[in-house]
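# Working through the structure, step by step
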Protein chains: 2
Amino acid sequence: MTKQPKAVVLLSGGLDSATVLALALDQGFRPITLTFRYGQRHALEIDAAAKIANRAAVERHAVVDIDLRAFGGSALTADIAVPKGRSAAEIGGGIPVTYVPARNTIFLSFALALAETSGAFDIFIGVNALDYSGYPDCRPEYIQAFEKVMTLATKAGVEGGADGGRNFRLHTPLLQWSKAEIIRQGTRLGVDYAGTLSCYDPATDGRHCGLCDACQLRRKGFQDAGIDDPTGYAA
Amino acid sequence: MTKQPKAVVLLSGGLDSATVLALALDQGFRPITLTFRYGQRHALEIDAAAKIANRAAVERHAVVDIDLRAFGGSALTADIAVPKGRSAAEIGGGIPVTYVPARNTIFLSFALALAETSGAFDIFIGVNALDYSGYPDCRPEYIQAFEKVMTLATKAGVEGGADGGRNFRLHTPLLQWSKAEIIRQGTRLGVDYAGTLSCYDPATDGRHCGLCDACQLRRKGFQDAGIDDPTGYAA
């Protein structure tokens, strides 16, 4: 039996990254999941991530604290109101205030450190260029540029070095998928979407608000996929 | 009078980054200094960085906590002995155990977040490809790859975006300088090297150990530059 390769999977607790974890498992990787605590308004998604990782029986689930509040500038980390009830055109147009400066770059840097110390050469991240076209660090050209950095940055990736050197790979299986396609693929692989949390601003009882951009995209995704939405929405 | 552009300067408290700060000031930038607390064995260099920033009257001095110990794998963050008394050939050959996985990538990611939220498009880092040729993330090709990531990753860097978009620049003025050249240039600009700390493992009284790789490179640099070394060495 061939030993399965390890892979670091960024796991937020949301619908997208839960699907990515299922895809990594389906591709034969042994996932090490990585969740960040970064001054979000609620810790519910960190709990959701831990439960998803536990259910998938991952090799290791790591939680890393990073304080992005020092840098301000985002509705997810500072005191800016999360937009509610925006139209599809508004959601698709321009960079939203929920953009966190350099967030994916910081996340991927820690993922790279974890991969190198774990002996993994594969990193999975659930970025999506369609539903979240407003985020610059979800674009294919950004992903390609960071993949190059990963191999150049590391002892493990140095070509011709003492360890031989290998290329790191940054997997973005959701990059060109619609939300409906993500949900269809995840459902095929048995993802329990009831245990995922997408909302930027959940109700006090833990339910999805139903009005923020993420809730609207989630709800429409289930509708478009023709799959029953197990999510409880407050509105 | 033209307003001087801001720049984020990574400041470790060592000789190299103190020189970089002086060079950024000399080039007309208003520096915002950024120091990391990351599970080093001693906090003396963090104090040294704060004093250097204060002396240079920087716009802002930011200290960010990051816990690299979760990732292990380095003499600077874990319980691996710092090598002492190595020969020049040993220092120059291969990747040392003091290598921290993905460290510069993590540092530069936070610098990018700080730059974007501060309105800076320039980041200075004191990496050096000669004296520390063993670190993969000090190589010119790594620096170029990360510079590309910076512009692609950010709202501020998106070309043709709502804000117009600008390229970020990653300045590495020390990249091809010898330690002696660094010291000569810094001395010309009035850097107070007595206030810098290079040692990986200082004595209990705060003096440089004199035996680790960093101390040996520092001592030899002053000798080669023909400049009096203000540093107190324990051995």
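Up top is the structure these notes are about.
The structure presented is a predicted model; accordingly, all values stated were derived computationally and were not measured.

So, about the overall build of chain A. From N to C terminus, chain A includes 7 helices and 5 strands. For chain A, the succession of helices and strands along the chain, N to C, is β-α-β-α-β-α-α-β-α-β-α-α. Taken over 235 residues, chain A has a buried fraction of 51%. Relative to all contacts within chain A whose residues are 6 or more apart in sequence, the contacts with residues 24 or more apart total 70%.

For the rest of this paragraph, the subject is the sheet that holds strand S2 (residues 30–37) of chain A. All names here are of chain A. With respect to topology, 5 strands assemble into an open sheet ordered S3-S2-S1-S4-S5, the strand pairing being parallel. Looking at strand neighbours, the two that pair on one side only are strand S3 (60–65) and strand S5 (169–171), the edges of this open sheet. Between one strand and the next, the sheet's axes are offset by a mean angle of 25°, whatever the strand orientation. Of the strand pairs in this sheet, S2 and S3 are connected by 6 bridges, and their pairing is parallel. Within S3, the position partnered with Thr-33 by the bridge is His-61. Seen against the sheet, helix H1 (residues 15–26) touches strand S1 (6–10), S2 and strand S4 (122–124) and runs at an angle of roughly 170° to S1.

This part covers the pairing of strand S2 (residues 30–37) of chain B. Residue and element names in this part refer to chain B. The buried count for S2 comes to 6 of 8 residues, which makes it a mostly enclosed element. As paired elements, strand S1 (residues 6–10) and S2 share 5 bridges and run parallel to each other. In the sheet register, Lys-6 faces S2, and the bridge partner there is Arg-30. Taking the sense of rotation as the criterion, the β-α-β connection linking S1, helix H1 (residues 15–26) and S2 turns out right-handed.

Take the environment of Cys-199 of chain A next. Residue and element names in this part refer to chain A. Within the fold, Cys-199 resides in the loop between helix H6 (179–188) and helix H7 (213–225). We classify Cys-199 as buried; it has 25 C-beta atoms within 10 Å. Sequence separation of Cys-199 and Cys-209 is 10 residues, and the distance between their C-alpha atoms is 6.5 Å. Every residue in contact with Cys-199, bar those within four places of it in the chain, is listed here: His-208, Cys-209, Cys-212, Ala-214 and Cys-215.

On to the packing of helix H6 (residues 179–188) of chain B against helix H7 (residues 213–225) of chain B. Residues and elements named next belong to chain B. The contact between H6 and H7 brings their axes to 8 Å, and the two run at 65°. Between H6 and H7, the angle falls in the class roughly perpendicular. Relative to H7, H6 is oriented so that their crossing is right-handed. In this structure, H6 contributes Lys-179, Ala-180, Ile-182, Ile-183 and Arg-184 to the contact, and H7 contributes Leu-217, Arg-218, Lys-220, Gly-221, Phe-222, Asp-224 and Ala-225. Considered class by class, the residues forming the contact of H6 with H7 number 6 nonpolar, 1 polar and 5 charged.

Residue and element names in this part refer to chain B. One can describe the packing of H1 onto H6 by two numbers: an axis separation of 9 Å at closest approach and a directional angle of 45°. Regarding the angle of H1 to H6, the classification is oblique. As H1 runs across H6, the sense of the crossing is left-handed. Side by side, H1 and H6 meet where Leu-15, Asp-16, Ala-18, Thr-19 and Ala-22 of the first sit next to Ile-182, Gln-185 and Gly-186 of the second. Taken together, the residues of the contact of H1 with H6 break down into 4 nonpolar, 3 polar and 1 charged.

Definitions and limits used
Residues numbered from 1 in each chain as written. Chains lettered and ligands numbered in written order. Predicted model: local features only at pLDDT ≥ 70, side-chain atom pairs only at ≥ 80, totals over all residues. Helix = DSSP H or I, 4+ residues; strand = E, 2+ residues; numbered from the N terminus. Buried ≥ 20, exposed ≤ 12 C-beta atoms within 10 Å, placed from the backbone. Contact = placed C-beta atoms within 7 Å. Pairing = 2+ DSSP bridges. Axes fitted to C-alpha atoms, helices over the stretch in contact; angles between N-to-C directions. Right-handed = clockwise from strand over helix to strand, strands pointing away. Parallel < 35°, antiparallel > 145°, perpendicular 65-115°, else oblique. Left-handed = near helix turned anticlockwise from the far one by under 90°. Nonpolar A, V, L, I, M, F, W, Y, C, P; charged D, E, K, R; others polar.

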